[in-house]
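What follows is each chain in one-letter form.
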Amino acid sequence: TSGSFYKVRAAGVTGYVPKSSVSTGSGGTPAPAPTTGVGKATGYSYVYQTANTSSARLLKLGPGNLMDILGTSGSFYKVRAAGVTGYVPKSSIQL
């Protein structure tokens, strides 16, 4: 913390957020972020609407694109990339 700000890290970037805009756990410390890590696209792939490559393509990813990993579903990671939440095959992401 720094005065009235929390130091935070998201998608590999570190910055500061006003304490007034962060919800805290019962101990008065910031609640954990809803991500489990950051992934990087290993090549060209898509963010899909569901954990199925037959579902709608929401976003095209290029090699090196970063995304927040939100969870897993079978052979897919649930991700948030460029403000879009969806699913990417695990084989297309390096953690």
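This text goes with the structure placed above it.
Since we're looking at a predicted model, the values are computed, not measured.

Parameters at a glance
Residues numbered from 1 in each chain as written. Predicted model: local features only at pLDDT ≥ 70, side-chain atom pairs only at ≥ 80, totals over all residues. Heavy atoms only, no water. Pairing = 2+ DSSP bridges. Helix = DSSP H or I, 4+ residues; strand = E, 2+ residues; numbered from the N terminus. Salt bridge = Lys/Arg side-chain N within 4 Å of Asp/Glu carboxyl O. Buried < 20%, exposed > 50% of the residue type's maximum accessible area, 1.4 Å probe, protein only. Contact = heavy atoms within 4.5 Å.

A. Inspection of the pairing of strand E8 (residues 84-89) at higher detail. As paired elements, strand E7 (residues 76-81) and E8 share 6 bridges and run antiparallel to each other. Counted as the bridge partner of Phe-76 is Pro-89 from E8. Linking E7 to E8, which pair antiparallel, is a turn of 2 residues; within it Ala-82 sits at a positive phi near 50°.

B. Expanded view of the pattern of salt bridges. Applying the stated rule across the entire model yields 1 salt bridge. Here Asp-68 and Arg-80 are joined by a salt bridge, their closest N and O atoms 3.6 Å apart. Highlighted residues: Asp-68 in strand E6 (residues 66-73) and Arg-80 in strand E7, separated in sequence by 12 residues. On the accessibility criterion, Asp-68 (10% relative accessible area) is buried. The class for Arg-80 is partly exposed, based on a relative accessible area of 31%.

C. Layout of the environment of Ser-92. Within the secondary structure layout, Ser-92 lies in the loop between E8 and strand E9 (93-94). With sequence-adjacent residues up to four places away left out, Ser-92 is seen in contact with Lys-40, Ala-41, Thr-42 and Ser-45.

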